[in-house]
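Report on the structure
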Amino acid sequence: MDYTILKPTFEDGVVVVTISRPQALNALNTRFFEEMDHFIASIANDGSIRVLLITGEGKAFVAGADIAEMVNKNPEEGSAFGQLGQHTFNSIEQLPFPVIGVINGFALGGGLELAMACDFRIASSKAKFGQPEVNLGLIPGYAGTQRLPRLAGLANALYLLTTAEMIGAEEALRMGLVQKVSEPEQLMEEAMRIAKLIAVKGPQAVRKVKAVTRLGMRSGFEVGSAEEAKQFGSLFGKGSEGEEGMNAFLEKRTPNW
Ligand code: CO8
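Procedures and definitions
- Residues numbered from 1 in each chain as written.
- Predicted model: local features only at pLDDT ≥ 70, side-chain atom pairs only at ≥ 80, totals over all residues.
- Heavy atoms only, no water.
- Helix = DSSP H or I, 4+ residues; strand = E, 2+ residues; numbered from the N terminus.
- Buried < 20%, exposed > 50% of the residue type's maximum accessible area, 1.4 Å probe, protein only.
- Salt bridge = Lys/Arg side-chain N within 4 Å of Asp/Glu carboxyl O.
- Pairing = 2+ DSSP bridges.
- Axes fitted to C-alpha atoms, helices over the stretch in contact; angles between N-to-C directions.
- Polar contact = N/O pair within 3.5 Å; in protein donor to acceptor, adjacent residues only side chain to side chain.
- Contact = heavy atoms within 4.5 Å.
- Domains from an automatic or database assignment.
- Buried area = accessible area lost by both parts, 1.4 Å probe.
- Phe/Tyr/Trp six-rings, centres within 6.5 Å; stacked < 30°, edge-to-face > 60°.

Examining unusual backbone geometry
Of note in this structure, D12 is not a glycine but carries a positive phi near 50°. Tracing the backbone through its elements, the reader meets D12 in the loop between β1 (6–11) and β2 (14–19). Of note, the phi angle at A143 is positive, near 70°, even though the residue is not glycine. Within the element layout of this structure, A143 appears in the loop between β8 (128–130) and α5 (144–152). Given the relative accessible area of 19%, A143 is considered buried.

Quick notes on the pattern of salt bridges
Following the criterion strictly, the structure yields 14 salt bridges and no others. Among the ionic pairs, K73 bridges to E69, the shortest N-O distance being 3.9 Å. We classify K73 as partly exposed; its relative accessible area is 28%. Look at E69 and you get partly exposed, because its relative accessible area is 25%. Three or more residues joined by partner-sharing salt bridges are found here, namely E93, D119, R147, K210 and R214.

Let's talk about the sheet that holds strand β6 (residues 106–108)
One open sheet holds the four strands; their spatial order is β4-β6-β8-β9, and the pairing between them is mixed. Each edge of the sheet is formed by a strand with only one pairing partner; in this case those strands are β4 (60–62) and β9 (167–168). Looking at chain direction, β8 and β9 are connected through two bridges and run antiparallel. The residue of β9 that forms the bridge with K128 is G168.

Focus on the sheet that holds strand β10 (residues 180–182)
Read across the sheet, six strands follow the order β1-β2-β3-β5-β7-β10 without closing on themselves; strand pairing throughout is mixed. In the strand order of this sheet, the two ends are held by β1 and β10, each with one partner. Averaged over neighbouring strand pairs, the angle between their axes works out to 20° when direction is ignored. Strand direction decides the pairing type here: strand β5 (residues 99–103) and strand β7 (residues 120–124), joined by four bridges, are parallel.

Here we look at the side chain of D66
With respect to the helices and strands, D66 occurs in the loop between β4 and α2 (67–70). We classify D66 as buried; its relative accessible area is 10%. Here the side chain of D66 touches A68 through a polar contact of 2.9 Å, landing on its backbone nitrogen. Once residues lying within four places of it in the same chain are set aside, the contact partners of D66 are R21, A27, L28 and N29.

Some remarks on the domain arrangement of the protein
Domain boundaries assigned for the protein yield domain 1 (6–199) and domain 2 (203–250). Here domain 1 and domain 2 have C-alpha centroids that lie 27 Å from each other. Opposite the 15 residues of domain 1 that make contact, domain 2 presents five residues. Regarding the contact of domain 1 and domain 2, the summed buried area is about 840 Å², with carbon and sulfur atoms giving 45% of it.

Structural notes on the packing of aromatic side chains
Pairs of aromatic rings are described using the distance from one ring centre to the other and the angle between the two planes. Evaluated as defined, the whole model comprises eight aromatic pairs. With a centroid separation of 5.4 Å and 70° between ring planes, the pair formed by F33 and Y142 is classed as edge-to-face. Here the residue F33 occupies a position in helix α1 (residues 30–43), and Y142 occupies one in the loop between β8 and α5, the gap between them amounting to 109 residues. Of the two residues, F33 and Y142, both sit in the buried class.

Written as C-alpha cells, this is what we have:
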C-alpha cells in the first residue's frame, strides 16, 4: 500500500510512524484508519521490532476525528466510524512491543484517544490535551470514555469529558495522562532516548511484561498474576533469555540476547 498520510521510518528496531496531514491538523479520516490498519498488520509479527513511536507532523499530534467527514453521517454510519477507530486503536494497544505516543501538539478528541491506546506518552511542553466532543454535541467514539478513567481516574476523566477543557502538558502529567514532558526541540531526541532504553533490554522479557500487565488490567488481578507466574517461568532454563541476563549480571558483562 502506498501511504499518503503515514510516514514510517525504521532504525535499529525502533520504528517511528508520523501522521502527516498537517493541513487538517492530522484529523483522523477513513484513509488514516486504512493506512494504520495496514501498517500495524505489516509490523505486528516482525520479531526485530523493539519499540514503536507514534507522532504527528506540524502543530498537532491529532486534532480529533475528521469533523468534515463525520458531519453528514447517519446513526449507523456514525457507529461504524466509531467501531473502525476502536478496532484500529485496539490493534495498536495489542501490538506485542511497547508503543510510545510522542505528543508534539494538539491531542484532542480522537487524537487523545489514539494517544491513550499507546502504552505511555511523552509530551512537548506546548502540547494540549482534551476531549472536546461535547462542544460538538458528541461523545468520544474510540473508547475514550473507557481508557481515560483507567489512566487518569474517574473524576479527572469526567472533568475532561464534561467540561471539554483543553489542558496543557504539565496538567496532563499531574493527571497521569503523560509520563514525561520535554521542551519541543528536544521531544524526539528524548523519545528516542527512552525507546533505546527499552531496545537494549531482554526482548522477550519486554514483550511478556507488556502482555501480562495489559492482560491483568483487562481481565483482573487473579488472571493477570496467574499468567505472570507462567510467563516468569518461561524465561528460565537452558538457552533462555533469563539465563543469559542473570549470567551476564553475575559475570559483570553486557547480556548478549
Ligand atoms: N476535523 C477536521 N478538520 C479539522 C479538525 C478536525 N477535528 N481540526 C482542525 N481541522 C482543520 C480546520 O478546519 C482547519 O482547516 P481549514 O484551514 O481548511 O479551515 C485546519 O485544520 C486548521 O485548523 P484551525 O484553523 O482551526 O487551527 P487553530 O490553530 O486556529 O485551532 C484547534 C486549532 C483548537 C485544534 C481547532 O482546529 C479545533 O478546535 N479543532 C477541532 C478539535 C475537536 O473538536 N476535536 C474533536 C473532534 S470529534 C472527535 O474526535 C470524536 C472522536 C470519536 C469519533 C467517533 C466516530 C463516531
